[in-house]
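Residue-level structural notes
This is what each chain is made of:
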Amino acid sequence: GPDTEHQATSGNEHRAHDPGTRIAVALLVQNPQLVSTVNVPAAFAQSGNRGLVLLSEIQELIGSNPGISTAALVERFRGSANEAAILKLSLLNTPETEDNENLVHTYEQLIKRLHLDDRYDILFEKKSTGTLSEQESMEYDELMQYLKHR
């Protein structure tokens, strides 16, 4: 049943469907100029969350093609595993994508939150295998506090 399926996927895997990730990708695809204001953390490229890896790919693509349009971006993903997702997200309408005035702020906050979530996942993984350094252990506790109260 659905239960066994749920157990098979790790916490990381299921984050790919985190609406925050989808909205961040949608915002970036729809507004490629965001790369000039907000940088996706380098760690995203190595993330276990496919959505974050995709974000970092899109940022790289825009960076090497300044002024690229949404349509051209979508075109670049034609034939790739992410083609359908990119096309869908390029057309996504949410309160976030419609709110042009706060676009940069919204995107910035999203990236920040996704980064903290990702960092938490990494540290949680290390904690469960007992490989946390003292420094990481402190960081983990701070993240726990932060994520609990948001």
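Look up: the structure comes first, before these words.
Residues numbered from 1 in each chain as written. Predicted model: local features only at pLDDT ≥ 70, side-chain atom pairs only at ≥ 80, totals over all residues. Heavy atoms only, no water.

So, about the nonpolar core. In this structure, Val-25, Leu-55, Ile-58, Ile-86, Tyr-107 and Ile-111 are the most contacted members of the largest nonpolar core, which totals 29 residues. For this core, the leading source of residues is helix 3 (residues 19-30), giving seven residues. Filtering out sequence-adjacent residues up to four positions away, Ile-86 remains in contact with Val-25, Val-29, Leu-54, Ile-58, Val-74 and Phe-77. (Core = buried A, V, L, I, M, F, W, Y, C linked by side-chain atoms within 4.5 Å. Buried < 20%, exposed > 50% of the residue type's maximum accessible area, 1.4 Å probe, protein only. Helix = DSSP H or I, 4+ residues; strand = E, 2+ residues; numbered from the N terminus. Contact = heavy atoms within 4.5 Å.)

It is worth spelling out the environment of Leu-87 at this point. For Leu-87, the position within the fold is in helix 6 (residues 83-90). According to the relative accessible area criterion, Leu-87 is partly exposed, its value standing at 43%. Residues Leu-87 and Glu-75, spaced twelve residues apart in sequence, show a C-alpha to C-alpha distance of 8.9 Å.

Glancing now at the packing of aromatic side chains. Under the definition given, this model contains two aromatic pairs. When the centroid spacing of 5.5 Å and the interplanar angle of 15° are considered together, the rings of Tyr-120 and Tyr-140 count as stacked. Remark: Tyr-140 occurs in helix 9 (residues 134-149) and Tyr-120 occurs in helix 8 (residues 103-128); sequence separation between them is 20 residues. Each member of the pair Tyr-120 and Tyr-140 is classed as buried. Grouped by ring-pair contacts, the aromatic residues Tyr-120, Phe-124 and Tyr-140 constitute a single cluster. (Phe/Tyr/Trp six-rings, centres within 6.5 Å; stacked < 30°, edge-to-face > 60°.)

All we've got here are geometric facts, nothing functional implied.
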